[in-house]
Amino acid sequence: RVVEPTRISVRGVRGIVDALGRLDDRPGAELRASALAERTYVESEGLPLFTIALLGALHTAGALTWNAGVWDVQIPAGEPLSIRLVDLDALRRPVAARVETLTEDERQILITIALAELPCDVELLSHVHGISQLRGATLCNALCESGLLVEEQNAFRCAQRLTAEAVKAGVGDVVRRETVR
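Note that the structure is predicted; figures quoted are calculated from it, not measured.

What counts as what
- Residues numbered from 1 in each chain as written.
- Predicted model: local features only at pLDDT ≥ 70, side-chain atom pairs only at ≥ 80, totals over all residues.
- Heavy atoms only, no water.
- Axes fitted to C-alpha atoms, helices over the stretch in contact; angles between N-to-C directions.
- Helix = DSSP H or I, 4+ residues; strand = E, 2+ residues; numbered from the N terminus.
- Parallel < 35°, antiparallel > 145°, perpendicular 65-115°, else oblique.
- Contact = heavy atoms within 4.5 Å.
- Core = buried A, V, L, I, M, F, W, Y, C linked by side-chain atoms within 4.5 Å.
- Buried < 20%, exposed > 50% of the residue type's maximum accessible area, 1.4 Å probe, protein only.
- Expected span 1.5 Å × (residues − 1).
- Arc of directions from axis to C-beta.

Where helix 5 (residues 104-116) contacts helix 7 (residues 133-145), the axes come no closer than 10 Å and their chain directions differ by 85 degrees. For the element pair helix 5 / helix 7, the angle class is roughly perpendicular. Residues Asp105, Glu106, Ile109, Leu110 and Ile113 of helix 5 touch helix 7, and the partners they reach there are Arg135, Leu139, Cys140, Ala142 and Leu143.

A few words now on the nonpolar core. One finds Leu110, Ile113 and Leu149 to be the most contacted residues of the largest nonpolar core, which totals 24 residues. Those elements that place two or more of their residues in this core are helix 4 (88-100), helix 5, helix 6 (122-129), helix 7, strand 5 (155-158) and helix 8 (161-169). A per-element tally of this core places helix 5 first, with six residues. Ignoring any residue separated from it by four or fewer positions in sequence, one finds leucine 110 in contact with Val99, Leu102, Leu143, Leu148, Leu149, Cys158 and Val167. Val17, Leu55, Leu58 and Leu64 belong to the second-largest nonpolar core, a separate cluster that totals eight residues.

Attention now moves to helix 3 (residues 48-60). In this model helix 3 runs 18 Å from its N-terminal to its C-terminal C-alpha over 13 residues, within 8% of the 18 Å that 1.5 Å per residue would give. Within helix 3 the residues assigned to the buried category are Thr51, Leu54, Leu55, Ala57 and Leu58. Within helix 3, the buried residues cover an arc of 160 degrees as seen down the axis, which keeps them to one side. In helix 3, the exposed positions angled more than 90 degrees off the buried face are occupied by Leu49 and Thr60. Glycine 62 sits one or two residues past helix 3 and shows a positive phi near 90 degrees.

As far as function goes, none of this settles anything; it's purely spatial.
Rendered as structure tokens:
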């Protein structure tokens, strides 16, 4: 059974932004709130926990400040929210820690899929790793159940872009070269 993480809409993200507190009263606050919700939605892919983590990282980076019960968005008017304002390592660390708890075989499958950047079918994975297709399917199903992969049209991809980025960040050059070769 494939477990698909529940995603929220951009309106849901805006609801989280609004629930955290009101934005400043300067002209354009509504536009900044909408831009913040839209960009947060895109970066978090609508996953509630990633949405909250991203907003927390923006606060830590100083892009969102809290003063007397009002959030102030420190992003110039007309400039889109930039993921560069966020410490990506702070978002990747929990994912990397989760990857470390996987078995060696699960981790290798996840690395291959993350580096491929395209969905991989079981036949390809069994060829690359020298395992049976049944073993490959079993490993992929376990990774789907853990929320790290999703299955689409008989192929597997990382469930979130952040997962793929965290996995790729932890791979050395030699493994990267050998995997994509």
